[in-house]
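Read off the chains here:
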Amino acid sequence: EAVEDATGESWSSAWTKSHTAWKGTPDESTEGVGVLARGELRDVQSLTFAAQGPLRRVGIGATLEPRFGGLRLWSVHLDFDDPTARAAQARQMAARSITEADPSLNVLVAGDFNDDVGSDAYRALPAYGFRDLSDGLDPKRIDHIFAHRGAALGLMDAHHVFDGVDSPRVSDH
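Let me begin by describing the structure that accompanies this report. Small disclaimer: the values here were computed from a predicted structure and weren't measured.

**Some details on the nonpolar core**
Piece 1. Ranked by internal contacts, the top residues of the largest apolar core, which has 19 residues, are Val 109, Phe 113, Leu 125 and Phe 130.
Piece 2. Of all the secondary-structure elements, those providing two or more residues to this core are β5 (72–77), α2 (83–101), β6 (107–112) and α3 (120–127).
Piece 3. If you tally residues by element for this core, the top one is α2, at 5 residues.
Piece 4. Residue contacts for Phe 113: discarding those within four places in its chain leaves Val 76, Leu 78, Asp 79, Arg 86, Ala 90, Ala 121, Leu 125, Ile 142, His 144 and Phe 146.

This is the structure in structure tokens:
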């Protein structure tokens with residue numbers, strides 16, 4: 001409601017649980033991934049990755065309205081501890097996203113890859129024809145935004161937001 005009040009537009013969201021973190025401590029929390037977008041989300045699906053590390057990891061996908069190009073958007077949070085599982089999760093996400101988007105390939109995969117530029121998890125997306133829209137930002141970042149080369153969109157600008165400089169700091173990502 002606050003976003004709608006601030007923008008004068010309707011918004012929708014989708015969320016799926018991945019795991020409970022810090023179980024049994026004062027910091028215990030339910031963690032997951034989500035999508036927040038203007039308009040209505042269509043064809044919302046969650047994906048539980050086949051390869052798992054110590055904590056369950058998932059992705060969530062949704063299709064944006066035609067006025068936003070009908071883009072298929074996936075939000076992910078890949079494994080932190082196990083680089084083999086993390087790379088397998090990235091490959092599974094890349095394969096699933098382009099299979100679903102065929103023939104348009106109008107797809108974007110974004111989120112916390114828990115790995116920096118050049119890692120196996122990072123390289124999995126370009127191997128499936130994705131380009132890094134966050135290219136040019138800090139190469140040690142662990143969050144990435146990939147669009148398939150067939151997607152009807154391009155990079156206009158890449159910059160950090162909600163980083164505590166010009167806006168509030170809301171996350172470590």
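Past the structure itself, the notes keep going.
**What to know about the packing of α2 against α3**
Piece 1. Relative to each other, α2 and α3 sit at 20°, their axes nearing to 8 Å. In terms of orientation, α2 lies roughly parallel with respect to α3. Judged by the sense of rotation from one axis to the other, the crossing of α2 with α3 is right-handed. Taking contact as the criterion, the partners of Arg 86, Ala 87, Ala 90, Arg 91 and Ala 94 in α2 are, on α3, Asp 120, Ala 121, Ala 124 and Leu 125.

**Notes on α2**
Piece 1. Compared with the 27 Å implied by 1.5 Å per residue over 19 residues, the 27 Å span of α2 between its first and last C-alpha is a close match.
Piece 2. Where α2 is concerned, the buried positions are Ala 85, Arg 86, Ala 87, Gln 89, Ala 90, Met 93, Ala 94, Ser 97, Ile 98 and Ala 101.
Piece 3. Backbone nitrogen of Thr 84 and a side-chain oxygen of the N-cap are separated by 2.9 Å at the start of α2; the cap is Asp 82.

Cut-off values and rules
- Residues numbered from 1 in each chain as written.
- Predicted model: local features only at pLDDT ≥ 70, side-chain atom pairs only at ≥ 80, totals over all residues.
- Heavy atoms only, no water.
- Core = buried A, V, L, I, M, F, W, Y, C linked by side-chain atoms within 4.5 Å.
- Buried < 20%, exposed > 50% of the residue type's maximum accessible area, 1.4 Å probe, protein only.
- Helix = DSSP H or I, 4+ residues; strand = E, 2+ residues; numbered from the N terminus.
- Contact = heavy atoms within 4.5 Å.
- Axes fitted to C-alpha atoms, helices over the stretch in contact; angles between N-to-C directions.
- Parallel < 35°, antiparallel > 145°, perpendicular 65-115°, else oblique.
- Left-handed = near helix turned anticlockwise from the far one by under 90°.
- Expected span 1.5 Å × (residues − 1).
- Polar contact = N/O pair within 3.5 Å; in protein donor to acceptor, adjacent residues only side chain to side chain.

All quantities given are derived from atomic positions and should not be read as evidence of function.
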